[in-house]
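Read off the chains here:
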Amino acid sequence: MRRYNIYASMPLVGRYELMKENQHPGAEPEDDYWNECFTWQELKKVIPFLRSQGWKFELESITREQTGGRLHMFSISCGVNHDFRTLNISGMRIIMARDFSMNRTLKESLNPIGY
């Protein structure tokens, strides 16, 4: 089974990482990461909303085996050097987070993939 990460870019604002609210946090970070990713059915609700707002977005497909050692930005920062917002889309609570601590060109030169 696959799940998906969403990255949304808004003009003049920056790139946000989107995750759904984890209703049941657990002891294992991999489980929390997996529960914060979107299923295909959830994407069918979120993507039309992003398109209607004029946002550009990227999808990253992920499998359960790839979750080892990964964390969403919001999970580790809780707002420190990060801007975050919440949205309600079709009954789902979505958290949007972006890093504003480092210049984007400098950050991309350190890690060409982004975050």
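Predicted, not measured: the structure shown is a model, and the values here were computed from it.

Q: Requested: an account of the pattern of salt bridges, with residues and values cited.
A: Throughout the structure, instances matching the rule amount to 4 salt bridges. For E21, the salt bridge identified is with R93, shortest N-O distance 3.3 Å. Of this pair, E21 sits in the loop between β2 (14-20) and α1 (29-36) while R93 sits in strand β5 (residues 92-99); the two residues are 72 residues apart in sequence, bridging distant segments of the chain. The class of R93 is partly exposed, set by a relative accessible area of 40%. The residue R64 makes a salt bridge to D31 at a minimum N-O spacing of 2.5 Å.

Q: Describe the nonpolar core, listing the residues and the values that go with them.
A: Of all hydrophobic cores here, the largest spans 17 residues; its most connected members are I6, L18, V46 and I94. Counting residues per element, the ones that place at least two in this core are β1 (2-10), β2, α2 (40-52), β4 (82-89) and β5. Those residues in contact with I6 that lie beyond four places of it in its chain are Y16, E17, L18, F38, L43, V46, I47, L50, F57, E58 and L59.

Q: Which residues make up α2, and what values go with them?
A: In an α-helix, one turn spans 3.6 residues; hence positions three or four apart end up facing the same way. Spanning 13 residues, α2 covers 19 Å between terminal C-alpha atoms, matching the ideal 18 Å at 1.5 Å per step. Residues of α2 that are buried include every one of E42, L43, V46, I47 and L50, and no others. One or two residues past the end of α2 sits G54, with phi positive at roughly 80°.

Q: So what's going on with the environment of M92? Which residues, and what values?
A: Along the chain, M92 turns up in strand β5. Sequence separation between M92 and E21 is 71 residues, and the spatial gap between their C-alpha atoms is 7.7 Å.

Q: A description of the packing of aromatic side chains should follow, citing residues and the corresponding values.
A: Geometry of an aromatic ring pair is reported as the spacing of the ring centres plus the angle between the planes. Taken as a whole, this structure holds 2 aromatic pairs when the rule is applied. Consider the rings of Y4 and W40, whose centres lie 5.8 Å apart with planes at 55°: the pair is tilted. Taken together, the positions of Y4 in strand β1 and W40 in helix α2 put the pair 36 residues apart, joining distant regions of the chain. When the ring centre of Y7 is taken as origin, the NZ or CZ atom of R15, which lies over that ring, is 4.3 Å away.

Q: Hey, could you go over unusual backbone geometry for me, with residue numbers and the actual values?
A: One non-glycine residue, S90, adopts positive backbone phi at about 50°. The topology assignment puts S90 in the loop between β4 and β5.

Q: How would you sum up the confidence of the model for the protein? Please name residues and give values.
A: The predicted model of the protein has a mean per-residue pLDDT of 78, with 74% of residues at 70 or higher. When pLDDT is averaged over each element of the protein, α2 comes out on top at 92 and helix α4 (residues 104-110) at the bottom at 46. Low pLDDT, under 50, characterises residues 105-112; the stretch is placed with 5 contacts to residues that sit more than four places away or in other chains.

Conventions used here
- Residues numbered from 1 in each chain as written.
- Predicted model: local features only at pLDDT ≥ 70, side-chain atom pairs only at ≥ 80, totals over all residues.
- Heavy atoms only, no water.
- Salt bridge = Lys/Arg side-chain N within 4 Å of Asp/Glu carboxyl O.
- Helix = DSSP H or I, 4+ residues; strand = E, 2+ residues; numbered from the N terminus.
- Buried < 20%, exposed > 50% of the residue type's maximum accessible area, 1.4 Å probe, protein only.
- Core = buried A, V, L, I, M, F, W, Y, C linked by side-chain atoms within 4.5 Å.
- Contact = heavy atoms within 4.5 Å.
- Expected span 1.5 Å × (residues − 1).
- Phe/Tyr/Trp six-rings, centres within 6.5 Å; stacked < 30°, edge-to-face > 60°.
- Lys NZ or Arg CZ within 6 Å of the ring centre and 35° of its normal.
- pLDDT = per-residue confidence, 0-100.

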